[in-house]
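Read off the chains here:
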Amino acid sequence: MKGFFIAISIYSHIPVPQFKWKDEDMRYSLCFFPFVGVIIGALMSCWILISEEFGLGKILVTSVAAALPLIVTGGFHVDGFMDTMDAFHSYRSKEEKIKILSDPHIGAFSVIMTIMYYLLFLGVISEVDNVELMLSASGGFVISRIFSAGLVILLKPAKENGMLKYFNDTAARIRVLLCLALELIILNVVLTITVNPIVLIETAVALLFSIYYKYQCEKELGGVTGDTAGYFVTVAELLIICVPVIYKYVV
């Protein structure tokens, strides 16, 4: 339970009991990272259900749906996305890019790419206009975190310190990976049975993006960091939400 509270405390703004963190408490915290995605998906699905019941306008429905992940996480992953965009678009050496990731100031590229991201996110989420589609799209908030947690353990850290390096060192690697794999299987089975099999395609999209992410981070930085992990979650969510929207118009 301490691992669960630590994960919720780090990756969300949801109030949880506070206590002194020890290394042994951190061993399984990554197992519970995807539960933040479950909470986001549940809230967004409830919001769509409420909007259908009361016939709310599309702009209001879309705006609140886009804001909910930010409200729950406090923008934790978007901060990493913005730092990563500054680093990737600096076209400097790996060492200088890593320094940029640690710079608390934001650059022009982080602002430009974040605006572009949310224009796309708003456009895509506006097409998710019923509960079934939202339940399918909600899988993205969980799948992105399952893969992100797994990549934290599997990939080489670019820095010798920082949160990602700490999680990489303290996690019970095999047990956490098995737990994440089990969570992914359960999610796929449950959504396939109760909603539709789109979740299988969403998982494949996350896997493909994981391969690209590994290549990109190793090329640009020599490894991954906490900021790139936030970048992964942010981009993976958008890519996965596109899947049920495309399915909506193709099928």
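Residues numbered from 1 in each chain as written. Predicted model: local features only at pLDDT ≥ 70, side-chain atom pairs only at ≥ 80, totals over all residues. Heavy atoms only, no water.

Asks: Any chance you could explain the layout of surface pockets here in plain terms?
Replies: Taking a probe equal in size to a water molecule and rolling it over the atoms shows the remaining empty space. By volume, the second largest pocket is sized at about 260 Å³. Surrounding the second largest pocket, 15 residues form its lining, F81, M85, M113, Y231 and V235 being those nearest its centre. At the level of elements, α5 (76-88), α7 (108-125), α11 (198-220) and α12 (226-250) are the ones that each hand at least two residues to the lining of the second largest pocket. Within the lining of the second largest pocket, the residues separate by chemical class into twelve nonpolar, two polar and one charged. (1 Å grid on protein atoms, 1.4 Å probe; cavity = no way out; pocket = protein on both sides within 12 Å on 5 of 7 lines; lining within 4 Å. Points joined across faces, edges and corners; volume = space filled by probe spheres on them. Helix = DSSP H or I, 4+ residues; strand = E, 2+ residues; numbered from the N terminus. Nonpolar A, V, L, I, M, F, W, Y, C, P; charged D, E, K, R; others polar.)

Asks: Even after reading the chapter, I still don't get the nonpolar core, so can you show me in this structure?
Replies: Soluble globular proteins tend to bury their nonpolar side chains together. F121 and Y213 are the most contacted members of the largest nonpolar core, which has 73 residues in total. In terms of residues, this core owes the most to one element, helix α8 (residues 131-154), which gives twelve residues. Residues contacting Y213, with those up to four places away along its chain left out, are L151, L155, V224, T228, A229, Y231 and F232. (Core = buried A, V, L, I, M, F, W, Y, C linked by side-chain atoms within 4.5 Å. Buried < 20%, exposed > 50% of the residue type's maximum accessible area, 1.4 Å probe, protein only. Contact = heavy atoms within 4.5 Å.)

Asks: Where do I start with the packing of α5 against helix α6 (residues 94-102) in this structure?
Replies: How two helices pack is summed up by the angle between their axes together with the distance between the axes. The geometry of α5 relative to α6 is characterised by a closest axis approach of 8 Å and an angle of 150° between their N-to-C directions. Comparing their axes, α6 and α5 come out roughly antiparallel. Relative to α6, the crossing made by α5 is right-handed. When α5 is examined against α6, the residues D83, T84, D86 and A87 are found in contact with a partner set consisting of K97, I100 and L101. Classifying every residue of the contact of α5 with α6 gives three nonpolar, one polar and three charged. (Axes fitted to C-alpha atoms, helices over the stretch in contact; angles between N-to-C directions. Parallel < 35°, antiparallel > 145°, perpendicular 65-115°, else oblique. Left-handed = near helix turned anticlockwise from the far one by under 90°.)

Asks: Honestly, the packing of aromatic side chains in this entry has me stumped. Any pointers?
Replies: With the rule as written, the count across this model stands at 17 aromatic pairs. Centroid distance F81 to Y117: 5.4 Å. Interplanar angle 50°. Geometry classified as tilted. Here the residue F81 occupies a position in helix α5, and Y117 occupies one in helix α7, the gap between them amounting to 36 residues. Exposure remark for Y117: the relative accessible area of 5% places this residue in the buried category. Measuring from centroid to centroid gives 5.7 Å for F88 and Y231, while their planes differ by 80°, and the two rings are edge-to-face. Remark: Y231 occurs in helix α12 and F88 occurs in helix α5; sequence separation between them is 143 residues. (Phe/Tyr/Trp six-rings, centres within 6.5 Å; stacked < 30°, edge-to-face > 60°.)

Asks: So what exactly am I meant to see when it comes to empty space enclosed by the protein here?
Replies: For the structure on display, the rule yields one cavity of 30 Å³ or more. As a volume, the largest cavity reaches approximately 120 Å³. Residue lining of the largest cavity: 14 residues in total, with P69, L70, V78, Y118 and E237 positioned closest to the centre. Those elements that place two or more of their residues in the lining of the largest cavity are α4 (58-73), α5, α7 and α12. Looking at which element gives the most residues to the lining of the largest cavity, the answer is α4, with four residues. Among the residues forming the lining of the largest cavity, the class breakdown is eight nonpolar, four polar and two charged.

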